[in-house]
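Topology and contacts: notes
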Amino acid sequence: RREEPPGQRLPIIALTANALRGEDARCRSAGMDDYLSKPVLIDVLRQTLQRWLPSANAVAPAAQTGKTEPSALPQTALPTLDVSVLARLIGDERALIAEFLHDFAVAAGAAASEVRSAQASASWKQVGAIAHQLKSSSRSVGALALGEICAALEQAGKSDRGDLIVAQLPAFDQALSAVLDAIERHIKQGH
């Protein structure tokens, strides 16, 4: 901000994985104009860019007071696979969605193997790190139930709690299997 010429202000939008309360205020106090947390829904990103990018007839608005938030997902009975979550992130192109889902299925299978290897060597923090990555990608593609189980595994790994990890692994295996089946059905159906 100190290097900007007088009278000019380049819009800066924070993009962070930190969705903690007060993060938006910290970003603004650091000189940013707006704040988005990951995963960013394509519609929210579009609205934010439209708000801040100059157009032919408008100038960028003054700094906003509120954080731009995607609509909250219900916390009860999370779905195995809600493809609309992915569609909101990348658009509603069927072939692209199928490609993302296929890539997720391959990566999730590999992550599950890594979890099993880490479990076998009692590397609980490693299980947590793998679960962290899988949590984010699961939530991004709409595998919300799996994402929640991964969040629990991540926390157990951070706490080095092998007992909690071992207790969660059957639910993890079941959720992953259900997601992989749902992806296969989705791709075969072509929508």
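Please read all numbers here as calculations on a predicted model, not as lab measurements.

1. Observations concerning the overall build of the protein
A tally of regular secondary structure across the protein gives seven helices and two strands. Residues classed as buried in the protein amount to 35% of the 191 residues present. Only carbon and sulfur atoms are counted for the fraction: they give 55% of the accessible area of the protein, which is about 11300 Å².

2. Details of the confidence of the model for the protein
Taken as a whole, the protein shows an average pLDDT of 82; of its residues, 85% reach a score of 70 or greater. Model confidence for the protein, summarised as mean pLDDT per element, is weakest for helix H2 (residues 42-52) at 77 and strongest for helix H4 (residues 94-120) at 94. Residue range residues 56-76 is modelled with pLDDT below 50. Its contacts to residues more than four positions away, or to other chains, number 31 contacts.

3. Quick notes on the packing of helix H3 (residues 83-90) against H4
At a minimum axis distance of 10 Å, the contact between H3 and H4 shows a crossing angle of 115°. Taken together, H3 and H4 sit at an angle that is classed as roughly perpendicular. When you trace H3 past H4, the crossing you get is right-handed. Residues Val-83, Leu-86, Ala-87 and Ile-90 of H3 lie in contact with H4, whose contacting residues are Leu-96, Ile-97, Phe-100 and Leu-101. The class makeup of the residues in the contact of H3 with H4 is eight nonpolar, no polar and no charged.

4. Overview of the environment of Ala-182
For Ala-182, the position within the fold is in helix H7 (residues 162-189). Residues Ala-182 and Thr-80, spaced 102 residues apart in sequence, show a C-alpha to C-alpha distance of 7.6 Å. Beyond its immediate chain neighbours, meaning those up to four positions away, Ala-182 contacts Thr-80 and Leu-81.

5. What about the pattern of salt bridges?
Counting across every chain of the model gives eight salt bridges. A salt bridge links Arg-28 to Asp-34; the nearest nitrogen and oxygen atoms lie 3.2 Å apart. In this pair, the class of Arg-28 matches that of Asp-34, namely buried. Residue Arg-139 is joined to Glu-148 by a salt bridge in which the shortest nitrogen-to-oxygen separation is 2.7 Å. Among the residues examined, Arg-139 registers a relative accessible area of 28% and is labelled partly exposed. For Glu-148, a relative accessible area of 33% gives the class partly exposed. Among the ionic contacts, a cluster of salt bridges with common partners joins Arg-28, Asp-34 and Arg-51.

What counts, and where the lines are drawn
- Residues numbered from 1 in each chain as written.
- Predicted model: local features only at pLDDT ≥ 70, side-chain atom pairs only at ≥ 80, totals over all residues.
- Heavy atoms only, no water.
- Helix = DSSP H or I, 4+ residues; strand = E, 2+ residues; numbered from the N terminus.
- Buried < 20%, exposed > 50% of the residue type's maximum accessible area, 1.4 Å probe, protein only.
- Areas by Shrake-Rupley, 256 points an atom, 1.4 Å probe, with all protein chains shown as cover.
- pLDDT = per-residue confidence, 0-100.
- Contact = heavy atoms within 4.5 Å.
- Axes fitted to C-alpha atoms, helices over the stretch in contact; angles between N-to-C directions.
- Parallel < 35°, antiparallel > 145°, perpendicular 65-115°, else oblique.
- Left-handed = near helix turned anticlockwise from the far one by under 90°.
- Nonpolar A, V, L, I, M, F, W, Y, C, P; charged D, E, K, R; others polar.
- Salt bridge = Lys/Arg side-chain N within 4 Å of Asp/Glu carboxyl O.

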